[in-house]
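Chain by chain, the residues run as shown.
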Amino acid sequence: HRQRHVQQSDATKMASASATHAAAAVRTARGERAWLAATVNGGIWRTLDTLGDEATPPHWANVLDGQPVSCASISALTVSELDPKVAFAGCGPSSSSEMGGVDGWDIVNSGHWGGVMVTIDGGDSWSMLTFDTSGASLEGRYVSALEHVDSSTLLVGTRSTLVDKNDGGMFVCTAGGGGEDDAYARARTSTGIPVRCEQTLSKPIYSLVSAGDGQTYVAALAMAEAGAATALSTDGGTSWAMWADGIAWPTGQLPFYPTLAVVRTPDTISVALGALTVDLKTPSRTSSAMFWRDMGASSGAEGAWHPIDMPESLDGDAMPKDRMALLFAPGDDKTLYVAGNADHVAWRVTDWRGPAPSWDSLLGGDTSDGAEPHCDCRNFAWDDESASLLLTSDGGVFRRSAPAQSGGKWTSLVGDIAAIELLSVRYDARDGSWVAGAQDNCVLLGSAAPSPSRALCVEFGDGTLTDIDRSVSPARFFGSTQFLGQVEDDDNKIRNDTFSFGYFEGSKQVPIPLSSTFPEKAFPFFVSPFAVNAVDPEKLMLWAAATESTQGGFYEVAIPHSGPVGKPILRVPTQSTTVFTLLYGRAASEDANGIAALNATHIMHASAKSADTLRAYALPSSYATPVTLNYDKEGDIVLGPVSHDMTVSLAQSPADATLVAVGGWPRVSDNGGEERVFVSADEGRTWVDASSKALVEAVSPARRVRVSGLCLIPLSSKGAHALLASTTAGVFAAFVEAGLAVGVTVSANWVRVGEYTDLPLVLASGLDYDATSDTLALATMGRGIYTLSGAARALEAMKHGCKGATAAE
């Protein structure tokens, strides 16, 4: 990417905001003007600073930490038009990059799906709404839209449920019996009355706008045919009628996240509708469409939706899961701001009601310095104080000054929001340095000091797996982007060996070239497995799938401390067997070069003792196979749904290579299936259930465990280990005893590692344990990196029920 991306210079810090869903202005109880930023898995952040100061980034604080809420995956945010101190936030899935499913992207496998929360003091305090059991419950639903109707009524639009992608709807939720006082102020207290909800529309809802009269609302329906794309209510949401005359989606396509914007003038109220669209039979075939309509007009030809002509499709990379954002600037009904996807990020559209709208890009020559925001868009907002346009995206929050004319500037407003999504981490306790794979925000290198630390994007793209060589100082940090960097870049049409897979030592960057050995089809998984040898870190192992020109198997790469990187050499063929994750180097064994690997149905081992013959043992329960990309008849990659994370996790004891643990996601086609973790003391020949039901109970009220990382840490007594699992609610520990006399046993309960004041509510992902320093590092999908020093000692204390075992930082 040759452009100067604001994201790269300002937003990719250890304190960063990947996947910021929405921003909204509120008033605190003290009358201060504040901004809320809702992140998809890092909770809600607030700043009291002005946003127009380019020289000083705003200071943000997480306002959900320490609050009695059960959700950090924020999918909707609105500030009441009745009272600027009142705001509602809806819970749902986490990062849109977790979406997959071969039938068109719309399966979300992670998140908290936890209902609705409210603040009545501008974000100082928050509480979850409780629901009257005599009505409908919003728990377990993807809340996508919110409108505060009156002092006792809230409209809630939902896109789906955790278990049914098509089970969405509109709900009218009432707190108390109305009246002059704000019943939601009472409902949010622990002694307050429950909220009673009634479902009034049984369709998946994504967007909702108000005419401002407390009675008239328009809803946009997701994945709906043109004739049922929008609905109108004129009685405060109690009843709905289809209001879709004139809408025509691109042939064979449906709207993924249809977005609405409303503009009110003394003469009329107009609504704009826009969506990125997808062909469910061929998910790589996408487009976009936009329309406008006056509210209150008749249902005849004059009152129908009118198309807004577009210069091109606004979905630039065949990923309709990224949103189209729409906004009318206050007081300017002539200008409509539009955000698309990829290279079609932001536009200024004038004469949008006419037959030939004028589209001007807000990028490139329209700016004073050529800087650009992150391109995976979510929502717009407007800052009255600076008359600026705000864009939230998978890279954070960005401000465009003077958007009504050319010459403005994009700047990052991320400041110190610590809400970055990380899949993996490796940490060096000697100096606090680290490497992490950041979803949509590079492979990052950083250190613990100075504070706040700034990370360097060393591999552009989607950071995935990382590893470390601690035998040297400074440590060698390894990182990879998606597909080990070997799938052709859809922007530059090249495969990237230089900045996609390699290691970093101090200021030295060393690529690990693969393109001359493998075709891109050799790496089918977005998160492609590799590992540095844990005993001999001058070797690296990766897995490649069989292709027409190369054998499938485990390939070893020499990575000497001095001298060039070697060429990949096939060590263990796997033929047609797939591998999702692997470990390399068997500590405390006779074979330092042993391999352990995992797929959906089997654990595999190979070692010198077995003449590098692959040994496979069946798992007691199968896990999901990641969704992969397809290729057309010409052999070119077809962009479409793909799993952005591993579906299985594997742990091996550093003290006993025969002790292993496995876990993962049962399915990715939906969120069903029994979630189970297993332990084996004989490499996988026999298995013991690791109190899986107790783990499900431990993460409650989170709806799914979604194990995304496992780690076995030896404790003081022989054969004793702590088994750690990364879940939707943080890291939990069970305790394992393994030995000849007992076989293997697992404690009946799982215990959270760290109080919520130490480790906040967040989806936990990769774990990294360094026995030498006794330090545990955790990557989170929304709150950055956490470390626990004296980890084995702390876990030993937890095992025996002692306090003082929560030294996370």
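Every chain is numbered on its own, with residues counted from 1 as its sequence reads. This being a predicted model, a pLDDT of at least 70 is required before a residue's local features are given, and a value of 80 or more before pairs of side-chain atoms are given or counted; all residues contribute to the totals for chains, interfaces and linings. Remark: hydrogens and water are excluded; side-chain values derive from all non-hydrogen atoms of the structure.

Visitor: Please set out the overall build of the protein chain residue by residue, giving values where relevant.
Guide: Each helix corresponds to a stretch of at least 4 residues labelled H or I by DSSP, and each strand to a stretch of at least 2 residues labelled E; elements are numbered beginning at the N terminus. Within the protein chain, the secondary structure is distributed over 4 helices and 61 strands. Only heavy atoms enter the contact rule, under which two residues are in contact if any of them lie within 4.5 Å. Taking the intrachain contacts of the protein chain between residues at least 6 apart in sequence as the baseline, contacts between residues at least 24 apart amount to 55%. For accessible areas, the Shrake-Rupley method is used with a probe of radius 1.4 Å. Any residue's cover is judged against the shown protein chains and nothing else. Total accessible area computed for the protein chain in this model is approximately 28000 Å², and 50% of it derives from carbon and sulfur atoms.

Visitor: Break down the side chain of Glu 796 for me, with residues and values.
Guide: Tracing the sequence through the fold places Glu 796 in helix α4 (residues 791–799). The residues touching Glu 796, leaving out its near neighbours within four places in the chain, are Leu 715 and Ser 716.

Visitor: Could you give an account of unusual backbone geometry, naming the residues involved and the relevant values?
Guide: In this structure, the amide linkage connecting Ser 473 to the following residue, Pro 474, adopts the cis form with an omega of 0 degrees. Examined against the element boundaries, Pro 474 turns out to sit in the loop between β36 (463–469) and β37 (476–481). The omega angle of the peptide bond from Ser 700 to Pro 701 is 15 degrees, so this bond is cis rather than trans. Mapped onto the secondary structure, Pro 701 falls in the loop between α3 (692–699) and β54 (709–714).

Visitor: Explain the environment of Pro 666 residue by residue, including any values.
Guide: Looking at the element boundaries, Pro 666 is found in the loop between β51 (660–664) and β52 (678–680). With 44 residues separating them in the primary sequence, Pro 666 and Ser 622 have C-alpha atoms 6.9 Å apart. Setting aside its immediate chain neighbours within four residues, Pro 666 contacts Tyr 623, Ala 624, Gly 672, Gly 673, Glu 674, Glu 675 and Arg 704.

Visitor: Pulling in residues and values, what's your account of the nonpolar core?
Guide: One recurring pattern in soluble globular proteins: nonpolar side chains tend to sit buried together. Counting 30 residues, the largest nonpolar core has Ile 512, Leu 540 and Leu 542 as the members making the most contacts within it. Those elements giving two or more residues to this core turn out to be β38 (501–505), β40 (530–532), β41 (539–544) and β42 (553–558). If you tally residues by element for this core, the top one is β41, at 3 residues. If you look at the next biggest cluster of nonpolar residues, it comprises 28 residues, including Ala 531, Val 572, Phe 580 and Ile 603. Definition used in this section: a nonpolar core is a set of buried Ala, Val, Leu, Ile, Met, Phe, Trp, Tyr and Cys residues joined via side-chain atoms within 4.5 Å. For each residue, the accessible area found with a 1.4 Å probe, counting protein chains only, is set against the maximum for its type, and the residue is called buried under 20%, exposed over 50%, and partly exposed in between.

Visitor: Outline the sheet that holds strand β4 (residues 61–62), listing residues and values.
Guide: Pairing between strands is defined by DSSP: at least two bridges between the two strands are required. Strand order in this open sheet of 4 strands is β1-β2-β3-β4, and the pairing throughout is antiparallel. Both edges of this open sheet fall to β1 (20–27) and β4, since each of them pairs with a single strand only. Two strands pair when backbone bridges link them, and strand β3 (residues 44–47) and β4 are joined in this way by 2 bridges, in the antiparallel orientation. Across the sheet, Trp 45 pairs through a bridge with Asn 62, a residue of β4.

Visitor: Can you break down the sheet that holds strand β31 (residues 410–412) residue by residue, with the values?
Guide: Paired through backbone hydrogen bonds, the strands of a sheet run either parallel or antiparallel to each other. Across the sheet, 4 strands lie side by side as β28-β29-β30-β31; this open sheet has antiparallel pairing. The open sheet has two free edges, formed respectively by β28 (377–383) and β31, since each of these has just one partner strand. Taken pair by pair, the neighbouring strands of this sheet meet at an average axis angle of 25 degrees, ignoring direction. In the sheet, strand β29 (residues 388–393) pairs with strand β30 (residues 396–400) via 5 bridges, with the strands oriented antiparallel. Bridging from a neighbouring strand, Leu 390 pairs with Arg 399 of β30. Here the axes come from fitting lines to C-alpha atoms, over the contacting stretch only for helices, and the angles between their N-to-C directions go from 0 to 180 degrees.

Visitor: I'd like to hear about α3, residue by residue, with values.
Guide: Every buried residue of α3 is listed here: Ser 692, Ala 694, Leu 695 and Val 699. Looking straight down α3, one finds that the buried residues subtend no more than 155 degrees of arc, so they occupy a single side. More than 90 degrees from the buried face of α3, the exposed residues found are Lys 693 and Glu 697. The arc in question is the one spanned by the directions pointing from the helix axis to the C-beta atoms.

Visitor: Can you tell me about α4, naming the residues and giving the values?
Guide: With 7 of 9 residues buried, α4 is to be regarded as a mostly interior element. Gly 801, located one to two residues past α4, shows a positive phi value of around 75 degrees.

Visitor: Give me the pairing of strand β24 (residues 325–328): which residues, what numbers.
Guide: On β24, burial covers both faces: Ala 325 and Leu 327 on one face and Leu 326 and Phe 328 on the other are all buried. Pairing geometry for β24 and strand β25 (residues 335–339), over 4 bridges, is antiparallel. Looking at the pairing, Leu 326 lines up with Val 338 of β25. Linking β24 to β25, which pair antiparallel, is a turn of 6 residues; within it Gly 331 sits at a positive phi near 80 degrees.

Visitor: Explain the pattern of salt bridges to me, using residue names and the numbers behind them.
Guide: Basic side-chain nitrogens of Lys or Arg form a salt bridge, by our definition, when they fall within 4 Å of a carboxyl oxygen of Asp or Glu. Using the criterion set out here, one finds 37 salt bridges in the structure. The residue Arg 685 makes a salt bridge to Glu 683 at a minimum N-O spacing of 3.5 Å. Each of Arg 426, Asp 467, Arg 470, Asp 768 and Asp 770 takes part in one network of salt bridges that share partners.

Visitor: Provide a residue-level description of the environment of Ser 287, including the pertinent values.
Guide: For Ser 287, the location among the structural elements is in strand β22 (residues 286–294). Put simply, Ser 287 and Asp 315 are 28 residues apart on the chain and 5.9 Å apart in space, counted from C-alpha to C-alpha. Those residues in contact with Ser 287 that sit more than four places away from it in its chain are Pro 250, Gln 253, Ala 275, Leu 276, Thr 277, Ser 313 and Asp 315.

Visitor: Which residues make up the confidence of the model for the protein chain, and what are the values?
Guide: Per residue, pLDDT captures the predictor's confidence, and it can take any value from 0 to 100. Confidence along the protein chain averages 88 in pLDDT terms, with 89% of residues attaining 70 or more. In this model residues 1–15 is a low-confidence stretch, pLDDT under 50, and it forms 55 contacts with partners more than four residues away in sequence or in other chains. Here residues 803–809 is a poorly scored stretch, pLDDT under 50, and it has 16 contacts once near neighbours within four places are set aside; other chains count.

Visitor: Which residues make up the state of the cysteines, and what are the values?
Guide: In a disulfide, the sulfur atoms of two cysteines are held together by a covalent bond. When two cysteine sulfur atoms are found within 2.5 Å, that pair is recorded as a disulfide. Within this structure, the stated rule accounts for 3 disulfides. The disulfide partner of Cys 71 is Cys 91, and the S-S distance across this bridge is 2.3 Å. Looking along the S-S bond of the Cys 71-Cys 91 disulfide, the torsion reads about -125 degrees, which is the left-handed sense. Pair noted here: Cys 71 is in the loop between β4 and β5 (74–79) and Cys 91 is in strand β6 (residues 87–91), with a separation of 20 residues, a long-range link. In this model Cys 442 forms its disulfide with Cys 457; the gap between the sulfur atoms is 2.2 Å.

Visitor: Kindly report on the packing of aromatic side chains, identifying the contributing residues and their values.
Guide: Between the rings of Phe, Tyr and Trp (Trp by its six-membered ring), a pair exists once the centres lie within 6.5 Å; its type follows the angle of the planes, with under 30 degrees stacked, over 60 edge-to-face, and the other angles tilted. Applying the stated criterion across every chain, the model contains 16 aromatic pairs. Seen in terms of ring centroids, Phe 478 and Tyr 503 are 5.2 Å apart; in terms of plane orientation they differ by 40 degrees. Their pairing is tilted. Of this pair, Phe 478 sits in strand β37 while Tyr 503 sits in strand β38, placing them 25 residues apart in sequence. In terms of burial, Phe 478 and Tyr 503 fall into one category: buried. Grouped by ring-pair contacts, the aromatic residues Tyr 206, Phe 256 and Tyr 257 constitute a single cluster. Here, a charge over a ring means that NZ of Lys or CZ of Arg falls within 6 Å of the ring centre while also lying within 35 degrees of the ring normal. For the cation-ring pair, Arg 293 lies above Trp 243, with the distance from its terminal atom to the ring centre recorded as 4.0 Å. The residue whose ring lies beneath Arg 476 is Tyr 503, and the NZ or CZ to ring-centre distance is 4.6 Å.

Visitor: Let's hear about the pairing of β41: which residues, and what values?
Guide: Counted residue by residue, β41 has 5 buried out of 6 residues, so it is predominantly covered. Pairing of β40 with β41, which is carried by 3 bridges, proceeds in the antiparallel orientation. By the bridge assignment for β41, Val 532 is matched with Leu 540. The hairpin turn running from β40 into β41, its antiparallel successor, is 6 residues long. Across 6 bridges, β41 lies against β42 in antiparallel orientation. The residue of β42 that forms the bridge with Ala 544 is Gly 553.

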